[in-house]
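# Structural description and commentary
Residue-level listing of the chains:
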Amino acid sequence: MQNTLKNKKILITAGPTREYLDPVRFISNQSTGKMGYAIAETLHNLGANVYLVSGPVTITSNFPKDKIIAVETGKQMYDECKKLFNELDIAIFCAAVADYTPKITSEIKIKKIENEISIEFIKNVDIAYEFGRVKTSQQKSIGFALETNNVLDNAASKLNKKNFNCIVANSPNKDEGFGYDTNKIAILKSDLSLTEYPLKSKHEVAQDIINAIIEMFKPVAETAF
Ligand code: C5P
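Described below are features of the structure shown in this document. (Residues numbered from 1 in each chain as written. Predicted model: local features only at pLDDT ≥ 70, side-chain atom pairs only at ≥ 80, totals over all residues. Heavy atoms only, no water.)

## Section: the overall build of the chain
Summing up its helical and strand segments, the chain has five helices and 14 strands in all. Here the C-alpha atoms of the chain give a radius of gyration of 18 Å, agreeing with the 17 Å that 2.2 N^0.38 yields for 225 residues. Across its three principal directions, the C-alpha atoms of the chain cover 75 × 40 × 35 Å. Residue burial in the chain is summarised as follows: out of 225 residues, 44% are buried. Summarising the internal contacts of the chain: among those between residues at least 6 apart in sequence, 63% fall at separations of at least 24. Just so you have it, the chain exposes about 12,700 Å², and 49% of that area is on carbon and sulfur atoms. (Helix = DSSP H or I, 4+ residues; strand = E, 2+ residues; numbered from the N terminus. Rg over C-alpha atoms; globule rule 2.2 N^0.38 Å. Buried < 20%, exposed > 50% of the residue type's maximum accessible area, 1.4 Å probe, protein only. Contact = heavy atoms within 4.5 Å. Areas by Shrake-Rupley, 256 points an atom, 1.4 Å probe, with all protein chains shown as cover.)

Okay, here's the thing in structure tokens:
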């Protein structure tokens, strides 16, 4: 069953991004990359051709270091992913890309002179959305939705907006989401079928997600008349 993914070209984005205010300061988020790296490791072990585009992480992983495409900002992550868009079979968007990036990044360190400062932010490029716009019917994309409220409604709207084939919904509760070794997910497919899973290790969750992806590649059963 798992050989379906052998030699498939699979992009995985993982970890946080850093959006720089000046050369030494940035805004980021709590993503550790654990979920993305767990998926990357499992797919690599299944013989897939994995492109792991990763923001800065400190976790240890068995994924081959020389195969990691390391980036810092959302724009850099997009640029690396875009180079691969045409050749991909599957894209899995696990990264917690910062929603906004400073409109201007100061070339020199911002000085502590004013009592108050304001920083203008602009929307970061949405990598998953951009892939969703150009992907062919043979290419599949999988997204993540980390939500604190209305988890399934928000996941369904992202599934639509970003043209995902399925979306993995989770929430930042204790033992789930950012930083933990465990996660509790629900997978919503584009036919709106929903599968909910119990709390599991991120490696087991990775396997559940991969099984859902394998299902997508199964030929549609012939209808008997
Ligand atoms: O941040 P948001 O909740 O919209 O993320 C939903 C999905 O879109 C995730 O799979 C995330 O990796 C992806 N995404 C992206 N580029 C962004 C923002 C989100 O690829 N700039």
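## Some points on the site of the ligand
Around the ligand there are 13 residues in total, and Phe93, Ala95, Val125, Lys158 and Lys162 lie nearest to it. Taking phenylalanine 93, its main chain carries an N or O atom lying 2.6 Å from an oxygen atom of the ligand. The contact in question runs from an oxygen atom of the ligand to an N or O atom on the side chain of lysine 162, over 2.8 Å. Among the secondary structure elements, those contributing two or more residues to the shell around the ligand are helix H3 (127-134) and strand S9 (140-146). (Near = heavy atom within 4 Å. Polar contact = N/O pair within 3.5 Å; in protein donor to acceptor, adjacent residues only side chain to side chain.)

## Some words on helix H2 (residues 74-84)
Of all the residues in H2, the buried ones are Gly74, Met77, Tyr78, Cys81 and Leu84. Along H2, the residues classed as buried sweep out an arc of 120° about the axis, all on the same side. Elements that come into contact with the buried residues of H2 comprise strand S1 (9-14), strand S2 (19-22), strand S4 (49-54), strand S5 (68-70) and H3. (Arc of directions from axis to C-beta.)

## Brief notes about the side chain of threonine 17
Along the polypeptide, threonine 17 turns up in the loop between S1 and S2. Judged by relative accessible area, which is 0%, threonine 17 ranks as buried. For threonine 17, the side chain forms a polar contact with the main-chain nitrogen of alanine 98, separated by 3.0 Å.

## Some remarks on the environment of phenylalanine 63
If you trace the backbone, phenylalanine 63 turns up in the loop between S4 and S5. In the structure, phenylalanine 63 is positioned 21 residues away from threonine 42 in sequence and 8.7 Å away in space, judged by C-alpha atoms.

## Things to note about a nonpolar patch on the surface
A contiguous nonpolar surface patch, about 500 Å² in accessible area, is contributed by Ile27, Tyr100, Ile110, Ile117, Ile119 and Phe121. Residue placement: isoleucine 27 occurs in strand S3 (residues 25-27). Here isoleucine 27 falls in the partly exposed class, since its relative accessible area comes to 31%. (Patch = residues over 30% accessible without salt bridge, like charges linked within 9 Å, V, L, I, M, F, W, Y side chains within 5 Å. Salt bridge = Lys/Arg side-chain N within 4 Å of Asp/Glu carboxyl O.)

## Regarding the sheet that holds strand S12 (residues 186-189)
An order of S5-S4-S1-S6-S9-S10-S12-S13 is seen for the eight strands of this open sheet, with the pairing classed as mixed. In this open sheet, the two strands that pair with only one neighbour each are S5 and strand S13 (194-196). Sheet twist, expressed as the average angle between the axes of neighbouring strands with direction ignored, equals 15°. Pairing analysis gives four bridges linking S1 to strand S6 (residues 90-93), with the strands arranged parallel. The residue bridging isoleucine 12 from the neighbouring strand is isoleucine 92, located in S6. The strands touched by helix H4 (residues 151-161) are S9, strand S10 (166-170), S12 and S13; relative to S10, the strand with the most contacts, the crossing angle is about 150°. Across the sheet, helix H5 (residues 202-216) lies against S6, S9, S10 and S12, angled at about 15° from S12, the strand it touches most. (Pairing = 2+ DSSP bridges. Axes fitted to C-alpha atoms, helices over the stretch in contact; angles between N-to-C directions.)

Taken by themselves, the reported measurements are silent on function.
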